[in-house]
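Given next are the chains, with one letter for each unit.
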Amino acid sequence: MRNRFAATGRRGALTLLALVAVAAGLVLVVVAVAAQQSAPRPPRAVGRIDPSPTAGAAANPRASASADPVPAVSGPTSTPLGASRPVRITIPRIGVRSPVLPIGLADDGTLAVPQPGPDLDKAAWFQNSPTPGQPGPSIIEGHVDSDQGPSVFFRLGDVRPHDTVRVLRRDGVTAVFTVDAVRDFQKRSFPTSVVYGGDLHTPQLRLITCSDFDATIRHHVGNEVVFAHLTSTHR
Amino acid sequence: MRKSLRALVPIAAAAVPFAVLAGPASADTGTSYQTTLNALNHSSGSGMATVTVHGNQADVKVSWSGLAAQFNGGDYPHVQHIHIGGQGACPTIADDKNNDGVISTTEGGPAYGGIGTTLSTKGDTSPKAGTDIKIAPAGGSTDYSRTITLSNDTMQSLQAGTGVIVVHGLDPATLSKQAQKEKSDLVPSLPLAATSPALCGALSSMPSGGVATGTGSTAGVEQLGTFALGGGLLALGGAAFATRRRVSAGR
Ligand SMILES: [Cu+2]
């Protein structure tokens, strides 16, 4: 009798312990899973890079190579603006609204990137490229993530052709761009002339971030580039 | 060559493929320069230019619009050059030495230097063709693309960061009364407006390769500690159940 009671008591305690441990364990695993965040994977190639083949004879024919057979984003190209530095970028589709700071080249000749500190998670405009709305490709980059987690262009992989990107300039004019194409390039074969050059006639915007994290070398091996052209301007 | 040095040759040769692999690999070979072209002398134009150098050849693209379109009833010729050997900068109104409201080509000289290469539409690209309006792009806008041979002087200036693209030719109506009566400092038979700089841009290196915009902090598994604790508790729960079953079985 005594033995059976003792056994029943032990069984009850073990049942309780097991239930509590399993419940708490499940909660923690669910919390950890919910905390997982990974940047959306950009498509390899959607859309056409040169928005209007008729606009600007300087359009690089190679620029549209390897494009999907998706019809080009139509819509007129707006008249170019004069020079005025960008101060803020807004990408409604992915909830981006960020200040934009000017940035130059790094010592190794690559585009410098925002450094740890208050500006780390801000977008940056390459100061030798046209200001947004001027003729040619204006370059704005942002980190996909930093040591602190997701950064300003974390969700750039979700941007698609026809999406809108707005850039407010210091002169108070907002340059509105329409996305033409998204490309995922390998850094080792990064087509600099397509990204930083190409059609020098049409006011365009390029958004750049990192993609394709290679876990074995702990580095991103790709760069996602969003190609857009100026479709309107307003104050 | 000394014997010991000669012995090193195969080693050096073997190292070459690695050196090539380690270099900044890019689909575009050659060095590229770029600039935006901004208005000088109250001209209304704007544009952009790129110069991609392969050996002594250069793919030059110059695109601009908004300049004076007509001159003496015809398309306005806009001579354009890579200027070299100056400060690698565009002049400001402070360089208007004679205070006529126009920075002449000569007055801009200290900032952008002299003509290194003439960006003509055909034929001669030397400084001698600098004022040949017959082979200059004509009209209010252009999309110029030409592969040319660069002189050593121009090449060195590009590398030194002192190459400047200048497009000439102003609308005479935008000049002061005084300046409208002046003759060109380059070609005395032409008015000052015809040869004065309208657009200017100092060439600088195009970024090379890709961009380091990420650390991968979100690429792996986050909250490892939470996962471990949760997993540990699940294991403990499982063990407790197993023990309970043994206790029941041993009844
Ligand atoms: Cu010149």
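The paragraphs below set out a description of the structure included in this document. Counting of residues starts from 1 at the beginning of each chain's written sequence and follows it residue by residue. Just so you know, chain letters begin at A and ligand numbers begin at 1, following the order they were written in. Under the rules for a predicted model, residues below a pLDDT of 70 receive no local features and side-chain atom pairs below 80 are neither given nor counted, while totals for whole chains, interfaces and linings still include all residues. To get the side-chain values, take all heavy atoms of the structure and skip hydrogens and water.

Quick look at helix α3 (residues 152-160) of chain B
All names here are of chain B. Only protein chains enter the accessibility calculation, which uses a 1.4 Å probe. A residue is then buried if its area is under 20% of the maximum for its type, exposed if over 50%, and partly exposed in between. Each helix corresponds to a stretch of at least 4 residues labelled H or I by DSSP, and each strand to a stretch of at least 2 residues labelled E; elements are numbered beginning at the N terminus. Residues Thr154, Met155, Ser157 and Leu158 constitute the buried set of α3. Burial along α3 is one-sided: seen end-on, the buried residues are contained in an arc of 165 degrees. Exposed residues lying more than 90 degrees from the buried face of α3 are Asn152, Asp153, Gln156, Gln159 and Ala160. Here, two residues are considered to be in contact whenever any of their heavy atoms come within 4.5 Å of each other. Elements in contact with the buried residues of α3: β1 (31-39), β2 (46-54), β6 (80-85) and β7 (113-118). Two residues or fewer after α3 comes Gly161, characterised by a positive phi angle close to 80 degrees. Note that the arc is computed from the directions linking the helix axis to the C-beta atoms.

Regarding the packing of aromatic side chains
All names here are of chain A. Between rings of Phe, Tyr and Trp, where Trp is taken as its six-membered ring, a pair exists when centres lie within 6.5 Å; planes separated by under 30 degrees are stacked, by over 60 edge-to-face, and by other angles tilted. Tallying each qualifying case throughout the model produces four aromatic pairs over all chains. Measuring from ring centre to ring centre gives 6.0 Å for Phe185 and Phe190, while their planes differ by 80 degrees; the resulting arrangement is edge-to-face. For the pair shown, Phe185 and Phe190 are each scored as buried. Ring geometry for Phe190 and Tyr196: centres 6.0 Å apart, planes at 45 degrees, overall tilted. The pair formed by Phe190 and Tyr196 is uniform in burial state, with each residue classed as buried. Counting every residue linked through ring pairs, the aromatic cluster contains Phe185, Phe190, Tyr196 and Phe227.

Details of unusual backbone geometry
All names here are of chain B. Despite not being glycine, Asn41 has its phi angle at roughly 55 degrees, a positive value. Of note, the phi angle at Asn99 is positive, near 55 degrees, even though the residue is not glycine. Within the secondary structure, Asn99 sits in the loop between β6 and α2 (109-112).

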